[in-house]
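Structural characterization, general
So the chains spell out like this:
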Amino acid sequence: MNKGTAVRQADEKENNRIINKKIDRLQKDKGIEGAIFRRTELLIGEEAMTELSDKKVIIFGVGGVGSWCAESLIRSGIRQLTIVDSDRVCITNVNRQLMATMRTIGQVKVDALRERLLSINPQADIMAMQRIFTKETAEEFNLDSYDYIIDAIDSLSDKALLIELACKTRARLFSSMGAALKMDPTRIHVAEFWKVTGDPLARALRNRFKRLKVFPKRKFQCVFSDELLPNKGQNATCGTGQCLCPKAKEGPGDPVLVNHEWCSSKAQINGTLAHITAIFGFMLAGLVMTDVVNSTISQKGNNI
């Protein structure tokens with residue numbers, strides 16, 4: 001190691017020591033959240049910040065869409081967040097999923113994301129659940145205990161079930177439609193589920209509800225894009241014998257799910273881009289934020 005490198009590393013170590021000392025002091029003074037969310041509070045006010053901190057949110061699916069939604073919510077002041085996903089980080093997640101890096105490959109997704117989120121707000125209450133939402137497991141999630149339910153599930157049957165059950169609760173539901181095969185950010189929109197156009201996933205869900213004669217009990221908003229591009233590349237790994245998802249006899253998290261992956265159950269693997277999945281996630285978070293702030297304003301008006 002040369003002298004210049006040694007000096008630089010010493011400076012970095014000292015800077016980190018000073019920063020950590022300041023953070024420790026803020027934590028002891030219980031002022032860290034006030035500092036983190038100063039700019040948010042400037043915009044939405046103290047009452048809305050209090051409302052945000054009291055709201056409970058659950059996100060199903062923390063991949064390309066759900067992971068960015070989770071980060072935005074935590075950075076905006078949500079303190080009570082449950083994140084649900086069954087998978088471990090795969091190298092093919094790195095192009096679009098927030099917590100997926102070369103260092104987190106093989107880690108349980110919800111655990112890797114939870115660590116990331118707590119590095120943003122150490123005082124947040126974040127529950128990581130490595131689970132698959134199905135008919136058999138639905139009761140484990142106590143949906144009625146949440147104020148907001150975010151649906152970022154890929155599986156058609158599980159997504160339909162979550163929508164059906166969420167619409168029976170007191171919670172507000174916001175749902176993501178398909179984010180793959182998109183490139184143009186200006187074609188991403190928000191609409192009520194039955195008014196979503198140009199989205200194959202929404203169409204498949206509506207057809208399923210009609211076929212089963214089981215319909216959501218109330219209206220809910222969706223993030224979607226009416227763009228649909230073709231895959232131009234060739235898939236030689238995902239869902240095949242050359243799958244790059246982590247494979248091991250042992251690993252972190254639930255041993256039953258150590259080698260679980262969704263690729264092999266999909267009819268087709270589609271291309272995705274980070275800016276699209278992130279915008280979907282940010283828009284879902286924005287729907288939550290807007291609803292909380294508007295509700296606060298409405299309550300304040302009623303109390304005058």
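The shown structure was predicted, so the numbers you read here are calculated from the model rather than taken from an experiment. (Residues numbered from 1 in each chain as written. Predicted model: local features only at pLDDT ≥ 70, side-chain atom pairs only at ≥ 80, totals over all residues. Heavy atoms only, no water.)

**Side note on the nonpolar core**
Definition in use: Nine residue types can take part in a nonpolar core, namely buried Ala, Val, Leu, Ile, Met, Phe, Trp, Tyr and Cys, and a core is a set of them joined through side-chain atoms within 4.5 Å. The classification of residues rests on relative accessible area computed with a 1.4 Å probe and restricted to protein chains. Under 20% of the type maximum is buried, over 50% is exposed, and intermediate values are partly exposed. Numbered from the N terminus, helices here are DSSP runs of H or I no shorter than four residues, and strands are runs of E no shorter than two. We call two residues contacting when some pair of their heavy atoms lies within 4.5 Å.
I59, L73 and L81 are the most contacted members of the largest nonpolar core, which totals 45 residues. Elements represented by at least two residues in this core include exactly helix 4 (46–54), strand 1 (56–60), helix 5 (66–76), strand 2 (80–84), helix 6 (109–120), strand 4 (148–151) and helix 9 (274–303). The element best represented in this core is helix 9, accounting for 10 residues. Every residue in contact with L81, bar those within four places of it in the chain, is listed here: V57, I59, A70, L73, I74, L117, D125, I126 and M127.

**Brief notes about the pairing of strand 4**
The condition is simple: For two strands to pair, DSSP has to find at least two bridges joining them. The handedness rule is simple: strands pointing away from the viewer, and a clockwise path from the first strand over the helix to the second, make the crossover right-handed.
Judged by which residues are buried, strand 4 turns out to be covered on both faces: Y148 and I150 on one side and I149 and D151 on the other are all buried. The sheet contact formed by strand 1 and strand 4 spans four bridges and is parallel. Within the sheet, the bridge partner assigned to I59 lies in strand 4 and is I150. One ladder, built from four bridges, connects strand 4 with strand 5 (residues 172–176); its direction is parallel. When the bridges of strand 5 are listed, I150 appears paired with F174. Handedness of the strand 4-helix 7 (residues 156–166)-strand 5 crossover: right-handed.

**Some details on the pattern of salt bridges**
The condition is simple: Salt bridges, as used here, are contacts in which a Lys or Arg side-chain nitrogen is within 4 Å of a carboxyl oxygen on Asp or Glu.
On inspection of all chains with the given rule, the structure shows 10 salt bridges. Here E71 and R75 are joined by a salt bridge, their closest N and O atoms 2.7 Å apart. Of the two residues, E71 and R75 both sit in helix 5, four residues apart, roughly one turn of that helix. Looking at E71, the relative accessible area reads 7%, which means it is buried. Between D226 and R187 there is a salt bridge; the shortest N-O distance is 3.0 Å. Of this pair, D226 sits in the loop between strand 7 (221–225) and helix 9 while R187 sits in the loop between strand 5 and strand 6 (188–192); the two residues are 39 residues apart in sequence, bridging distant segments of the chain. In this structure D226 comes out as partly exposed when scored by relative accessible area, which is 30%. Overall, the relative accessible area of 33% leaves R187 in the partly exposed class.

These values are about where atoms sit, not about what they do.
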